[in-house]
Amino acid sequence: MIKIKLVVPRKGYIKDAFKRFEEFEQLEERENQNDHMPKIELEEVIVAADKIPQLEMDADVIISRGLMTKLLKERNEFIPIVDIPVQGIDLIRCLSDCKERFGKRKVAVIGALNMIYGVESLADIVDLPIQSYILEDIEKSAALVDLAASEGCEIVVSGLSTTDYAKKIGLGTAIVETGKESFRQALMEAKRLALVSLREQEKAQRYQTILNHAYEGIIAIDLRGKISVFSKAAREMLVIPEENLIGCSITEVLQKGKFRDLLLSEGEYREEIVSYQSVQLSVKKAGIFLKGNKVGNMVAFQDVTGIQEMEGKIRKKIYSRGHVAKYTFADILFGSTAIEKTIETAKRYSEVDSNILIIGETGTGKEIFAQSIHNHSKRKSNPFVAINCAALPEDLLESELFGYAEGAFTGAMKGGKQGFFELAHRGTIFLDEIGEVSPKLQSRLLRVLQEREIMRIGDDRIIPVDVRIIAATNKNLINMVKSGGFRADLYYRLSVLDLKLPPLRARREDIPMLADAFIQKMLPMIGGKVMTEAASRKLSEANWEGNVRQLQNFCERLTVLCRGKVIDGCDIEKHLPETQGKEDIQVQGPLSGMVQASAISEREQVVQVLRSCHYNKGKAAAELGMSRTTLWRKMKRWNIEIE
């Protein structure tokens, strides 16, 4: 819809305006019936010339005539104004009417220059003496009428207010009527300007929408310091009330200071850090040029804090792909005092940012504790990135931890790759099996702990990182330090806070509770089962070399193999792994490294289970109640090769 406002001094000033408009519309529809042109709406606005400065209108185009057009253009910068032309034929008709009504008397034609220019040349055509007077200010119209009268003019041809005064002093008057052709020409021009304006508005709205949704604040001014662009982000960063700032002076909007001076200066800047009130801004400035001539300046800027927040949001998107901590302390099942004290200690550790070393045998729940510590800390809304240091070869582990630059090695991803330390920025990185890290990687890890910065493989750029490191081991790192297998400086950096997890045999009262929970977890798949008191006692008496993980795997196997609804002591004895009953199992404390059975009997058991599982390491590990990593490490130590 195109809105056209016809601004006139009195109703009916343009004769038959709406009738002519309807005729124009019908003709336009016939000529453009397949062009999907917008509809046009015409509204008449009646206002005296001296009230135009206070006039406010919502229109796509304004149509007016003579001095009113001139006044509207002076007061309106943004709405196109169309002047209804006073054509020669309109003046001739009016002058001929004057001659017929008043005889051959001298005529004063008073009006705006665009209305009466060259009117004296019509004197010979209409056979009347004519003198023109240019009216630039409506308040001077009476003075011009008096001047015309003093110079012998008896007839005044002009606008409404001027002719009203001429009548009062006894002069003959006539108003130039707008002809059908002139009005149609004005409507055509109004439509053309409206379509151009709509396209420009659409383009401007598109740019404004882009600006309003950009993270950067953008301000542009012309050479007079008048604002032409002030984006939504700029208002929010600079805490400026939401209002129409376009056309305002930048000195009235921005407070004095380096930021305003930078915008008004002639130079261009790249990544200048500037303070505005209490905000630190990263600013870029450039000149605006049109056909080689400078027409203004613009700045694009970001709040440094906002950049950090945006970085955090981007990282969270990445973390949602899997780098999250799922477990909390509420997920740890226990009834024993040993675990209760361990959780209390872990909660106190979570309140600070110091590095933590979790020490515990295989299957004691080191990662669950690490995740719980993270979720109980101030870093809980940031990533938790876990990596098993024993599961990857040295070179691959290095690239996963530190990332690499583009072209760092054959097969490197285009654009490089972020390492886990970068992904864990502002969060926690969990380094499981830290005792398996090579001396070369130990040196690089030490630098991260000391400097809190990393360098990607094949790159020379330093990247600062803010991470909390939780490491875990089932080895005796102190003995490894003494034997030279682990760096002493790295050990003392990692073990600022030690958390020792008790093995399952040190909290046997938890075994029935844990076993029942594991069995209940299987119920949707295998139906209801009940464990007798004798079965619970048998489980509690067994030595769970693989700790909670082995107990969980055993309970899962038990629920599948026991066909009845009741699991009793006989079922436990029947399906319990053979090594549980052997006399040669010697148990040592958690700092001794790991619980060991007789090397020969345990090796034989591993080989036997591998054969029964057709050398499927995943199934064998589950059967043995240990992780794939632990099984892989044992096979490597005992030189067990898969046939």
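Fair warning: this is a prediction, and the values are worked out from it, not measured in the lab.

A.B. asks: How should the overall build of the chain be read in this particular structure?
C.D. replies: Within the chain, the regular secondary structure consists of 26 helices and 22 strands. Expressed as a percentage of the 643 residues in the chain, the buried residues total 47%. Nonlocal contacts in the chain, meaning residues at least 24 apart in sequence, comprise 63% of its contacts between residues at least 6 apart. For the chain, the exposed surface amounts to about 33700 Å²; the carbon and sulfur share of it is 50%.

A.B. asks: Help me out: how do you make sense of the state of the cysteines in this one?
C.D. replies: Covalent bonding between the sulfur atoms of two cysteines defines a disulfide. All chains considered together, the criterion is met by zero disulfides. With no disulfide partner, C98 has as its closest neighbouring cysteine sulfur the one in C94, 4.6 Å distant. Overall, the relative accessible area of 1% leaves C98 in the buried class.

A.B. asks: Please clarify how helix α14 (residues 366-375) should be interpreted in this entry.
C.D. replies: Since one α-helical turn is 3.6 residues long, residues separated by three or four positions face the same way. The buried fraction of α14 amounts to eight of the 10 residues, a majority that puts the element mostly inside the structure. Restricting attention to buried positions, one finds in α14 the residues K366, F369, A370, Q371, S372, I373, H374 and N375. At its buried positions, α14 is contacted by α13 (337-350), β14 (356-359), β15 (384-388), β16 (428-432), β19 (468-473) and β20 (497-500).

A.B. asks: What should I look at first to understand the packing of aromatic side chains in this one?
C.D. replies: According to the stated counting rule, one finds six aromatic pairs in the structure shown. On the basis of an interplanar angle of 75° and a centroid distance of 5.1 Å, the ring pair of F259 and F301 is categorised as edge-to-face. Here F259 is found in helix α11 (residues 258-264), whereas its partner F301 is found in strand β13 (residues 293-303), with 42 residues between them in sequence. Judged by relative accessible area, which is 1%, F259 ranks as buried. Ring centres 6.2 Å apart and planes at 20° place the aromatic pair F384 and F430 in the stacked group. One end of the pair, F384, is in strand β15; the other, F430, is in strand β16, with 46 residues separating them in the sequence. You'll find F384 and F430 in the same group, each marked buried. Members of the aromatic cluster, each reached through a chain of ring pairs, are F259, Y276 and F301.

A.B. asks: In this structure, what is going on with the nonpolar core? I would like to understand it.
C.D. replies: The nonpolar side chains of soluble globular proteins are, as a tendency, buried together. Membership of the largest hydrophobic core comes to 34 residues, with the highest contact counts inside it found for L401, F421, L431, I434, L445 and F486. Per element, the largest residue contribution to this core is five residues, and it comes from helix α17 (residues 439-451). Residues contacting F486, with those up to four places away along its chain left out, are I434, G435, Q442, L477, M480, V481, Y491 and L494. If you look at the next biggest cluster of nonpolar residues, it comprises 26 residues, including V7, I81, A148 and C153.

A.B. asks: Please clarify how the environment of V304 should be interpreted in this entry.
C.D. replies: Positionally, V304 belongs in helix α12 (residues 304-319). With relative accessibility at 27%, the residue V304 sits in the partly exposed group. Note: C-alpha distance between V304 and V283 (21 residues apart in sequence) is 9.8 Å. If we ignore the near neighbours within four places in the chain, the residues touching V304 are Q280, L281 and S282.

A.B. asks: Just to check I follow, could you spell out the sheet that holds β14 for this structure?
C.D. replies: Backbone-to-backbone hydrogen bonds join strands into a sheet, with any given pair of strands oriented parallel or antiparallel. With respect to topology, five strands assemble into an open sheet ordered β15-β16-β19-β14-β20, the strand pairing being parallel. Looking at which strands have only one partner, the edges of the open sheet turn out to be β15 and β20. The mean angle between the axes of side-by-side strands here comes to 20°, regardless of whether they run parallel or antiparallel. Pairing of β14 with β19, which is carried by four bridges, proceeds in the parallel orientation. Each residue of the ladder has a partner; that of I356, found in β19, is I470. Contacting β14, β19 and β20, α13 crosses the sheet at an angle of about 155° to β20.

A.B. asks: Sorry, what's going on with the pairing of β14 here?
C.D. replies: Two faces belong to every sheet, and in a regular strand the side chains alternate between them. On β14, burial covers both faces: I356 and I358 on one face and L357 and I359 on the other are all buried. Here four bridges tie β14 to β20, and the two strands are oriented parallel to one another. Residue I358 lies in a different strand from β20, and its bridge partner there is L499.

A.B. asks: Looking at this model, I keep getting lost on the side chain of Q371. Mind explaining?
C.D. replies: If you trace the backbone, Q371 turns up in helix α14. A distance of 3.0 Å separates the side chain of Q371 from the backbone nitrogen of Y327, its partner in a polar contact. Excluding residues that lie within four positions of it along the chain, Q371 makes contacts with A325, K326, Y327 and F384.

A.B. asks: Looking at this structure, how should I read the confidence of the model for the chain?
C.D. replies: Put simply, the chain has an average pLDDT of 82, and 89% of its residues get 70 or more. The least confident element of the chain, judged by mean pLDDT, is α12 at 59; the most confident is β14 at 96. A low-confidence stretch, residues 579-600 (pLDDT under 50), is modelled with 38 contacts involving residues beyond four sequence positions or located in other chains.

A.B. asks: What should I look at first to understand the sheet that holds strand β5 (residues 107-111) in this one?
C.D. replies: With respect to topology, four strands assemble into an open sheet ordered β6-β5-β7-β8, the strand pairing being parallel. Of all the strands in the sheet, the pair left with one neighbour each is β6 (130-134) and β8 (172-174). Shown here is a sheet whose adjacent strand axes are inclined to one another by a mean of 25°, direction ignored. Sheet analysis places β5 next to β6, joined by five bridges and oriented parallel. The residue of β6 that forms the bridge with I110 is Y133. Sheet strands touched by helix α3 (residues 88-102): β5, β6, β7 (155-157) and β8. Its angle to β8, the strand with the most contacts, is close to 150°. Each of β5, β7 and β8 touches helix α7 (residues 160-168); the most contacted strand, β8, lies at about 165° to it.

A.B. asks: Any chance you could explain the pairing of strand β9 (residues 217-222) here in plain terms?
C.D. replies: Within β9, five of the six residues are buried, leaving the element largely enclosed by the surrounding structure. In this structure, β9 lies alongside β13, joined through six bridges in antiparallel fashion. Counterpart to I221 in the pairing with β13 is N297. Bridge analysis of β9 against strand β10 (residues 227-230) gives three bridges, and the strand direction is antiparallel. Along β10, the bridge assignment pairs A220 with V229. What sits between β9 and β10 in their antiparallel hairpin is a turn of four residues, with G225 showing a positive phi close to 85°.

The rules we used
Counting starts from 1 at the beginning of each chain's written sequence and moves along it residue by residue. In view of the model being predicted, local features appear only for residues whose pLDDT reaches at least 70, and side-chain atom pairs are presented and counted only at 80 or more, with totals across whole chains, interfaces and linings using the full set of residues. The basis for the side-chain values is all heavy atoms of the structure; hydrogens and waters are excluded. Runs of H or I in DSSP of at least four residues are treated as helices and runs of E of at least two as strands, each being numbered from the N terminus. Any residue under 20% of the maximum accessible area for its type is buried, any over 50% is exposed, and the rest in between are partly exposed; the area is computed with a 1.4 Å probe on protein chains only. For this analysis, residues touch if any pair of their heavy atoms sits within 4.5 Å. Calculation of accessible area relied on Shrake-Rupley with a 1.4 Å probe; when residues are assessed, cover is drawn exclusively from the protein chains displayed. Two cysteine sulfurs form a disulfide in these notes if their separation is within 2.5 Å. Here a pair means two rings of Phe, Tyr or Trp (six-membered ring of Trp) with centres within 6.5 Å. Their orientation is stacked below 30 degrees between planes, edge-to-face above 60, and tilted elsewhere. The definition of a nonpolar core used throughout is a set of buried Ala, Val, Leu, Ile, Met, Phe, Trp, Tyr and Cys residues joined through side-chain atoms within 4.5 Å. One bridge is not enough; two strands pair if DSSP finds at least two bridges between them. Axis definition: a line fit to C-alpha positions, over the contact stretch in the case of helices; interaxial angles, taken between N-to-C directions, run 0 to 180 degrees. Here a polar contact is taken to be a pair of N or O atoms separated by no more than 3.5 Å, where protein atoms must pair a possible hydrogen donor with a possible acceptor and residues adjacent in sequence count only if both atoms sit in side chains. Per-residue confidence from the prediction method is given by pLDDT, with values spanning 0 to 100.

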